[in-house]
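Close look at the chain arrangement
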Amino acid sequence: MFQLAPNIDLLFSEAGESAADRVRAAAAAGFDAIEMWGPTGKDIPALKAALEETGVQLTAQLAEPRMQFMIPPKNHEPFYEGLDAGVKVAQELGCPRIVVGSGTGFGGRKRQDQLDELIEIFTKGINHIQGSGITLVLEPVNIRVDHPGALLDRTSEAVYIARGVDSPDFGILYDLYHSTVEGEDVAAELANAGSLVKYVQIADAPGRGEPGSGSIDWSARLNDLKASGYAGPVGLEYYPTIESAKSVRRIQELVASR
């Protein structure tokens, strides 16, 4: 059975603006894990207290600042400085993963050269935080709807980068929503990625709402995920179309039936 982790920046807004209160609302809805976007703007001591009070695990947070690695002038130092700050927060909150992205591609340069440069950047990033206990997970995103211009839009290219970095502390975030929007074959992409998949997120398509709001065959896709050997947490990164506690019920029921 997969551990589901609702994103508290999107879900349980009914509990208010406080991340701590949203953690408590997620726990009340039956979750023992949550994920979030970046720590900026959050009361970290209060969030830590809520996680400890409820026993809820923070599964993933985003790297800050969001970087444009390929756009001149290329200054990557804010990325490494941000990793230092992000690792400190992650360790304080007991979060094992930080999510990184590719930023926008640069149209004046060969794509392959940009992918290879990402290998160099993330290899340096892993070396920079070596010994921290934190895993970096690279997320490819769709360019058809949500992230036009993003460099990394194919799961296979994220796999290429992860193989190039070649570290147990680096892998990919497989987002089933982004992959579906890009028209990828979910089972094939998961098979190609293998053990490099170190985190998974889901939302329905079209619309990026809760499972059941779109046209994805969730029973089949959960079977694909299970068949791939992935056994980690699954982030619920969607925009609910109904009240949060109701929006999670279908996916909770489907996961519980496995």
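Everything below is about the structure printed above this text.
Keep in mind that what you see is a predicted model, and the values were worked out from it rather than measured. (Residues numbered from 1 in each chain as written. Predicted model: local features only at pLDDT ≥ 70, side-chain atom pairs only at ≥ 80, totals over all residues. Heavy atoms only, no water.)

1. Considerations on the packing of aromatic side chains
Each aromatic ring pair is characterised by the separation of its centres together with the angle its planes make. Where we set the bar: Here a pair means two rings of Phe, Tyr or Trp (six-membered ring of Trp) with centres within 6.5 Å. Their orientation is stacked below 30 degrees between planes, edge-to-face above 60, and tilted elsewhere. Where helices and strands are cited, they refer to DSSP runs of H or I of at least four residues and of E of at least two residues respectively, numbered from the N terminus. Exposure is judged per residue with a 1.4 Å probe applied to protein chains only, and the accessible area is read against the type maximum: over 50% gives exposed, under 20% gives buried, and values in between give partly exposed.
With the rule as written, the count across this model stands at seven aromatic pairs. Ring plane angle 85° and centroid distance 5.1 Å describe the contact between F69 and F79, whose orientation is recorded as edge-to-face. You can see F69 sitting in the loop between β4 (61-62) and α3 (77-93) and its partner F79 sitting in helix α3, a full 10 residues away along the chain. In this structure F79 comes out as buried when scored by relative accessible area, which is 3%. In this structure F69 comes out as buried when scored by relative accessible area, which is 1%.

2. Points about the pairing of strand β8 (residues 197-202)
Just so we agree on the cut-off: Strand pairing is assigned whenever DSSP detects at least two bridges linking the two strands. Looking down the strands as they point away from the viewer, one classifies a crossover as right-handed if the path from the first strand across the helix to the second runs clockwise.
The element β8 is largely enclosed, with a buried count of five among its six residues. Here strand β7 (residues 170-175) pairs with β8 via four bridges, running parallel. Bridging across to β8, I172 finds its partner in V197. Where β8 meets strand β9 (residues 234-236), three bridges bridge the pair, whose relative direction is parallel. Along β9, the bridge assignment pairs I202 with L236. In this fold, β8 hands off to helix α8 (residues 218-227), which returns the chain to β9; that crossover is right-handed.

3. Section: the side chain of E184
As a reminder of what qualifies: In protein, a polar contact requires one atom able to donate a hydrogen and another able to accept it; more generally it is a pair of N or O atoms within 3.5 Å, and residues adjacent in sequence count only if both atoms are side-chain atoms. We call two residues in contact when some of their heavy atoms are within 4.5 Å.
Its location among the elements puts E184 in the loop between α6 (176-181) and α7 (186-193). Within polar-contact distance, the side chain of E184 engages the side chain of T155 at 2.7 Å. Those residues in contact with E184 that sit more than four places away from it in its chain are D153, R154, T155, Y174, S179 and E189.

4. Remarks on empty space enclosed by the protein
Our working definition: Cavities and pockets are found on a 1 Å grid laid over the protein atoms alone: a cavity is a set of points where a 1.4 Å probe fits but cannot escape, a pocket is an open set with protein on both sides within 12 Å along at least five of seven lines, and a lining residue has an atom within 4 Å of such a point. Grid points are joined across faces, edges and corners, and a volume is the space filled by probe spheres set on the points. Gly falls in the polar group here, along with every residue not listed as nonpolar (Ala, Val, Leu, Ile, Met, Phe, Trp, Tyr, Cys, Pro) or charged (Asp, Glu, Lys, Arg).
Tallied over the entire structure, the rule returns one cavity of 30 Å³ or more. Each pocket or cavity is described by its volume, and for the largest cavity that value is around 50 Å³. If you trace the largest cavity, you find it lined by P140, V141, N142, D153, R154, T155, Y174, D175, H178, S179, E182 and E184. Among the secondary structure elements, those contributing two or more residues to the lining of the largest cavity are β7 and α6. Class assignment of the residues belonging to the lining of the largest cavity gives a composition of three nonpolar, four polar and five charged.

5. Focus on the pattern of salt bridges
Cut-off, in case you're wondering: Within this document, salt bridges are pairs made up of a side-chain nitrogen of Lys or Arg and a carboxyl oxygen of Asp or Glu, the two lying within 4 Å of each other.
Inspection of every chain in the model, using the stated rule, returns 14 salt bridges. Note that R208 is salt-bridged to D146, the shortest N-O span being 3.6 Å. On the criterion of sequence distance, the pair formed by R208 in the loop between β8 and α8 and D146 in the loop between β6 (135-138) and α5 (155-165) is long-range, its members being 62 residues apart. Residue R208 is classed as buried on the basis of its relative accessible area, which comes to 8%. Judged by its relative accessible area of 28%, D146 is partly exposed. For R154, the salt bridge is made with E182, and the minimal N-O distance between the two is 3.1 Å. Of this pair, R154 sits in the loop between β6 and α5 while E182 sits in the loop between α6 and α7, placing them 28 residues apart in sequence.

6. Looking at the sheet that holds β9
Heads up, the condition is: Here an axis means a line fitted to C-alpha atoms, over the contact stretch when the element is a helix, while the angle between two N-to-C directions is reported on a 0 to 180 degree scale.
Sheet architecture is open: seven strands sit in the order β1-β9-β8-β7-β6-β5-β4, paired in parallel fashion. The open sheet has two free edges, formed respectively by β1 (4-6) and β4, since each of these has just one partner strand. Pairing geometry for strand β5 (residues 97-100) and β6, over four bridges, is parallel. Directly across from V99, in β6, lies its bridge partner V137. Against the sheet, α5 engages β6 and β7, with an angle of about 165° to β7.

7. Remarks on the side chain of S244
Residue position: S244 is located in helix α9 (residues 244-247). S244 gets classed as buried once you look at its relative accessible area, which sits at 0%. At 2.8 Å, the side chain of S244 and the backbone nitrogen of F12 are in polar contact. Excluding residues within four positions of it along the chain, S244 makes contact with L11, F12, S13 and E14.

8. A few points about the environment of H76
Its location among the elements puts H76 in the loop between β4 and α3. The spatial distance from the C-alpha of H76 to the C-alpha of I121 is 8.1 Å, given a sequence separation of 45 residues.

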